[in-house]
Amino acid sequence: MLTREEDIDVHALRRQGMSISAIARHLGRDRKTIRAYLNGERVAGVRKPAGEEPFEPFVDYVRERLKEDPHLWAVTLFDEVVALGYDRSYPTFTRQIRTRDLRPHCEPCNATKGRASAVIEHPPGEETQWDWVELPDPPQSWGWGKNAHLLVGALAHSGRWRGTLAAAEDQAQLIDALDKTTRKLGGLSKKWRFDRMATVCHPESGKVTATFAAVAKHYGVQVAICPPRRGNRKGVVEKANHTAAQRWWRTLADDVTVEQAQASLDQWCATRGDARLRRSHVDGRANVLTIAEREPLTPVPGTAFPATISEERIVSAQALVAWRGNFYSVPPELARAQVVVSQRLGAGHVDIATASSGGRVVIARHDLAPDGAGVMVRDHGHVIALEQLVLAGHDTSRPHRKKERIPPGPAARAAAEVLRTNQQPDDVMNTDVVIDLSKYDRAAHGRNTLT
């Protein structure tokens, strides 16, 4: 069985023109195995186990013991598991610990400070280094929240780098930025190097995910994952990140759009970044552009990997949805509502769907306009429905003046009379009141006496 990394290498070497026999000799595998993976008859990383693994019941115990004491000797731990019923050999036990990566890293004992370093040689066209950099406080008009995201790709040999802005760091955004940045760099190198980002590999093991393995095979490149806590392994792109943040992002104006910011970054890289002088084995010192043009890069595929980008948007009062520098119409009933815009890379249309939790329903599909064109793409039916809705809401009556006398009308007076009638008691309305004046007469005669 081939691992996913070997499967990627097989497809990359085959695309570079190497025969099946040469690939088999290079990887130490059988030719029939290599041919089966190239033909899609076998899937990397998928194999039915022959039986239950004897070490499996002891995994939790070994993991917890090594978590408690990362420096516990394997032979000491072996004595403990043997007493618990483990019946395999010591070499098999230590191999299981290594392959399952059960011993955790002890950072205080393996600090990066004070460690010896060396300059890594990068042959021309060999490696492209990739990394995300978070850029704080983007313009509020972008609607991206606290951070913008920039994927930076750098050719390790020449130092040429380019970047692509993105709203997030999910896998679809990563694939889109990889494709765009690769085309700006001028082609594909043999290898792509990443840190342990979850959209490329499993961070714990460093193994390439099945979804990104398909991306690597689409572009015909090998994938290299940096060791954990070794950021200096891809120092070329790390320096490019620092330059992008300090020399470009720091001075970006507040009133620019995403497309204008991207254009300014591309211009800065072409005029400033490519003008840097580097050491060259050919003519001593040359600028980055000259060295990069000599790198043997392969052409990029005609279409991007078909990933789907989805982002939430708020519909405007004119029933328009903003997407990548253009505006697309929706039915007028969705004005001010939240929708989800989806674009499949390489497709010529964009879909707009409802943001309902019960399931998305596509409500509009439009032909995709070039990014940043500033055009308004509207469906004829949406235009008619919007006009009818707006006209139906118009009122031609004379507006009221601020100082105008409007007394209660007949209907209001009738309602007031009903209220007055209902507030009077029934005994007051139907009983005559009798007053006895003789009591007042006796009181008047006796006002100066005690009687």
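Cut-offs and rules
Residues numbered from 1 in each chain as written. Predicted model: local features only at pLDDT ≥ 70, side-chain atom pairs only at ≥ 80, totals over all residues. Heavy atoms only, no water. 1 Å grid on protein atoms, 1.4 Å probe; cavity = no way out; pocket = protein on both sides within 12 Å on 5 of 7 lines; lining within 4 Å. Points joined across faces, edges and corners; volume = space filled by probe spheres on them. Helix = DSSP H or I, 4+ residues; strand = E, 2+ residues; numbered from the N terminus. Nonpolar A, V, L, I, M, F, W, Y, C, P; charged D, E, K, R; others polar. Axes fitted to C-alpha atoms, helices over the stretch in contact; angles between N-to-C directions. Left-handed = near helix turned anticlockwise from the far one by under 90°. Contact = heavy atoms within 4.5 Å. Disulfide = S-S within 2.5 Å. Buried < 20%, exposed > 50% of the residue type's maximum accessible area, 1.4 Å probe, protein only. Phe/Tyr/Trp six-rings, centres within 6.5 Å; stacked < 30°, edge-to-face > 60°.

### Concerning the layout of surface pockets
So, point 1. Empty space within the second largest pocket amounts to approximately 700 Å³.
So, point 2. The wall of the second largest pocket is formed by 28 residues, among which W144, V258, E259, R324 and G325 lie closest to the centre.
So, point 3. Elements with a minimum of two residues in the lining of the second largest pocket: β3 (161-166), α7 (171-185), α10 (258-271), β8 (308-314), β9 (320-323) and β10 (326-329).
So, point 4. Top contributing element to the lining of the second largest pocket by residue count: α7, with five residues.
So, point 5. Counted by class, the lining of the second largest pocket contains ten nonpolar, nine polar and nine charged residues.

### Topic: the packing of helix α1 (residues 4-15) against helix α2 (residues 20-27)
So, point 1. For the pair α1 and α2, interaxial distance at closest approach is 10 Å and the crossing angle is 145°. The crossing of α1 and α2 is right-handed. Across from E6, V10, L13 and R14 in α1, the residues of α2 making contact are I20, I23, H26 and L27.
So, point 2. Of the residues contributing to the contact of α1 with α2, the split by class is five nonpolar, one polar and two charged.

### Quick look at the state of the cysteines
So, point 1. Applying the stated criterion across every chain, the model contains zero disulfides.
So, point 2. Left unpaired, C201 is separated from the closest cysteine sulfur, that of C226, by 9.6 Å.
So, point 3. Look at C201 and you get buried, because its relative accessible area is 1%.
So, point 4. For C226, a relative accessible area of 1% gives the class buried.

### Some details on empty space enclosed by the protein
So, point 1. For the structure on display, the rule yields one cavity of 30 Å³ or more.
So, point 2. Here the largest cavity defines a volume of roughly 30 Å³.
So, point 3. The wall of the largest cavity is formed by Q318, A319, L320, S329, V330, R378, H382, V383 and L386.
So, point 4. Here the element with the most residues in the lining of the largest cavity is helix α12 (residues 380-392); it accounts for three residues.

### Focus: the packing of aromatic side chains
So, point 1. Under the definition given, this model contains 15 aromatic pairs.
So, point 2. Centroid distance W142 to W144: 5.2 Å. Interplanar angle 70°. Geometry classified as edge-to-face.
So, point 3. With relative accessibility at 8%, the residue W142 sits in the buried group.
So, point 4. Plain terms: the ring middles of W142 and W249 are 6.0 Å apart, the flat faces sit at 65° to each other, and that makes the pair edge-to-face. Placement of W142 in the loop between β1 (127-136) and β2 (147-155) and of W249 in the loop between α9 (235-248) and α10 is noted, with a sequence separation of 107 residues between them.
So, point 5. On the basis of relative accessibility, which here comes to 10%, the residue W249 falls in the buried class.
So, point 6. Among the aromatic side chains, those forming a connected cluster through ring pairs are F55, F58, F78, Y86, Y90 and F93.

The analysis is restricted to geometry; functional conclusions fall outside its scope.
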